[in-house]
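For reference, the chains in residue letters:
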Amino acid sequence: MPPRPTRRAVLAALAGAGPVAAAASPVGQFLDVAAPLSGSVWQSVGTTPETVQSQYGEATITYDDYHVPHVEADSETGASFAVGYAQAADRLGEMDLVRRRAGGTLAAAVGEQGLENDRFAAKMDFRGAAEASVDAISGTETETVVQAYADGVNAYIDSGPAGMEFGILGYEPDDWTILDTALVGVQLSWFLTGSFDALRRSVRERAFDDETLQTLYPDQLDHGVPVVRPGETGGELRGVSTVSFADSERGAETAGGSDRPPRVDPELVDWLADFEEPRIVGSNSWVVSGDVTESGEPIVCNDPHLALQAPPIWYQQHVSTGEQTVRGGALVGTPFVVIGENDHGAWGLTNVGADVIDFYDYETRESPSSDGQQYRYRGEWRDFEREVRPIQVAGGDDEEVTVRKTVHGVYLDREVNGESRAIGVAWTGMSGTREIEAIHEWGKSTGMEAFREATEKMDVPTQNLVYADRDGNTLYQMSGKIPIRRVDGEVVRGGHVFDGSAGEAEWDGFTPFGESSWDGFISYDEKPAVINPDYIATANQRTADNPTYPIGQRYDSGFRGTRIYERLDAAANEGDITRELARSLQTDVLSVRARTLVPAILDAREQMPSKVEERLDELAEWDYRMERDSAAALVFKHFYDAFERLTWADDFEEAGLSDAFWPQEWVLVTLPSDSEFFDGDRAAVLAEAMSEAVDTIESAGWETYGDYNVTAIDHPFGEQVPGLNYARMPTNGTPETVWAFSTEGGYGASYRLLADFGGESLDVIPGGNDGSVFSPNYEDQLDLWARGEYRRLDDPPAASPDVTVKGDDG
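Residues numbered from 1 in each chain as written. Predicted model: local features only at pLDDT ≥ 70, side-chain atom pairs only at ≥ 80, totals over all residues. Heavy atoms only, no water.

Novice: Any chance you could break down the sheet that holds strand β6 (residues 236–238) for me, citing the residues and the numbers?
Specialist: The strands making up a sheet associate through backbone hydrogen bonding, with each pair oriented either parallel or antiparallel. On the basis of which strands lie adjacent, the open sheet formed by 12 strands has the order β3-β33-β4-β5-β9-β10-β11-β12-β21-β22-β26-β6 and mixed pairing. What marks the edges here is a single partner per strand, and that holds for β3 (51–54) and β6. Averaged over all neighbouring strand pairs, the angle between strand axes comes to 20°, with direction disregarded. Sheet topology places strand β4 (residues 59–63) next to strand β5 (residues 69–73); 5 bridges connect them, and they run antiparallel. (Pairing = 2+ DSSP bridges. Helix = DSSP H or I, 4+ residues; strand = E, 2+ residues; numbered from the N terminus. Axes fitted to C-alpha atoms, helices over the stretch in contact; angles between N-to-C directions.)

Novice: Residues and numbers for the sheet that holds strand β16 (residues 380–383), please.
Specialist: Spatially, β14-β15-β16 is the arrangement adopted by the 3 strands of the open sheet, whose pairing is antiparallel. Of all strands in the sheet, those with a lone pairing partner are β14 (364–366) and β16, marking the two edges. Sheet twist, expressed as the average angle between the axes of neighbouring strands with direction ignored, equals 35°.

Novice: Help me get a handle on unusual backbone geometry, residues and values and all.
Specialist: For the bond from Ala310 to Pro311, the omega torsion is -5°, close enough to zero to count as cis. Position of Pro311 among the secondary structure elements: in the loop between β8 (299–307) and β9 (314–320). Of the consecutive residues Val460 and Pro461, the connecting peptide bond is found in the cis state with omega at -15°. Among the structural elements, Pro461 can be located in the loop between α14 (448–455) and β21 (463–469). Positive phi is not limited to glycine here, since Asp125 has a value of about 50°. You can see Asp125 is positioned in the loop between α5 (115–124) and α6 (126–136). Judged by relative accessible area, which is 2%, Asp125 ranks as buried. You will see that Tyr624, though not glycine, has its phi angle at about 70°, which is positive. (Buried < 20%, exposed > 50% of the residue type's maximum accessible area, 1.4 Å probe, protein only.)

Novice: Could you give an account of the packing of aromatic side chains, naming the residues involved and the relevant values?
Specialist: Scanning the entire structure with this criterion turns up 41 aromatic pairs. Aromatic side chains Trp518 and Phe521 sit 5.0 Å apart centroid to centroid with 85° between the ring planes, which places their arrangement in the edge-to-face category. For the pair Trp518 and Phe521, a shared accessibility class is recorded, and that class is buried. The side chain of Arg229 reaches across the aromatic face of Tyr565, ending 3.6 Å from its centre. (Phe/Tyr/Trp six-rings, centres within 6.5 Å; stacked < 30°, edge-to-face > 60°. Lys NZ or Arg CZ within 6 Å of the ring centre and 35° of its normal.)

What follows is the structure, given as structure tokens:
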């Protein structure tokens, strides 16, 4: 790995940088920012003060060899203050950009390039949602602890150097507040659940007939590996019916919406797609009971697949009070470990893909008595709730955005081809939610029942939780508020544009930007759960074949889930599941997609041109593993890209639809060989795709997969100052292998946890815990991560504290 640039070299590069690139948030959107360099860059970097005063009592911060802070305090508030101080010292620039993107104040820091983000954040009123969530925890112990964290952040802002990001952009950080921590939660919740798939469905239903729609977008993929597999992995099953929802009397389908076509078109959907979860994002997790492990103790594994960026999304921390020790990964800007372990248990999470957002079309008119429009609701004309919000723009003209709301939520509008296009949006994250309180209580939990009680407060985002404790209990539990939709008294699926004027499919008990009763939502006991399974695995595949109520719309194709379960099943059948198996499974690179398609490629060999013969030989000898040293993996990667494009592009372009409408990978891989989308001849498409893949590889001069599959984990300002980016290195994996990595999208395992109750627990992040480029810990875990290795979760720190927090009387 190349050495880190020196302080002098980086500053010299900054001096000649000109425009600087800035990222807004953990989802890693890069923005070109015009900002002159000044001497403030130098003043913005420096040494963290070694002592700080706190009204919450004494604490110490001692860093280990990987710059992970070990915080010790007598009280939880004292520890939280110290965590805030440590996070600010290491990641304040990143924290500020996260809250700005969520709060719609990015342009005030980075200029006009942040305007689109701020317009969308304002129209969605993410700040209003965060304010409602602050109200939801008012008067709780969590509020007190988060306030201590905010005070710790502000103590650092008052006494320490702000960081290079502020010097480059030329402004000082504002104080941190509880609202800012809530904004971090809103940002992540939207990223994980904010999907516009229902709008795409509305568009594609006008582009294809019913038979084609069922072929391209089946209600359920036929891979056969849901998270919950009754009778196969043991445990007490909850929230799963013996009758399919679609076959039950209350499962009658309706398309939703009124007779008039909704004002949704591809251009509106494509614009909104810039602000939703990327299709390739995923995660893995599994829990294994001591009944089937070699050690007789449980194992919990988790690796969330999110944006890869410098510094990383996750902040490793180790916090000890007189009551509990909690260690693992926290999101910067929040005080609590989200994924990790305490003295009693360990937990991990993945995204459910639940449908927690609905869209409404309204009949509208110009108001006869006021300036603006009205919308029709249940036979009455109502004024939109309107608010004009200013958006500050650094180095440019400020502007205003009109925020409009209905009884259901916000009203998003956009000018398309000279005409107004708009849609009403209801999203569970718009109400007062208590996810920060749930995460706080996970860290304090003393067993499975306490953990389940805390999880009931996890209103957003909807997550698959896996858990184990030292008493030998294991758990799978779905979390999050999921609406029950009814039309004419019948329960229906979401995924449609409903008739808002008729009050169709409204969510009972939902109050946008206020306090919801959640009466009309799936109850906690009706959500899928398995108590004390032998083992269970989640990889963003569908939760269950027969949930009590319809749950999701955005499931993964199932390749990762298939591979995880086949290895766990085999190990369980042969004997005990070992720690080594769990570790190798987390870095497994066998491609089920390749294993399914390669035989078809080889069967079409007679139609292949001679130039691909050598590559076909490589595929014939290949073990389907997407490893960096593999030539066959390189061939398959570029073959598949061409195969996907050759199959879908013409038909979807003819329908006026972008690649965002292309079906999931499982559909393509299992499409009949005589499908009309292959023009009746899959072999011919396979041959053309192989030919294009070989041309691409030879033109680029690549020899193995690692020549192409290279990390590109960048700092927000790395485009102009490459020394801020992490080193490039070859690595394994694809988005559909268990070891997940996407060099095009910049996504992968943003954190890996292996919590072993029978031995040492391990973790790793794709970079370093210290956000200062001048630190030896800036990217010191990157090589471990790229090679599929780990660090000890409980790595012992140095003997002497690095920062001493003194009480007010000290």
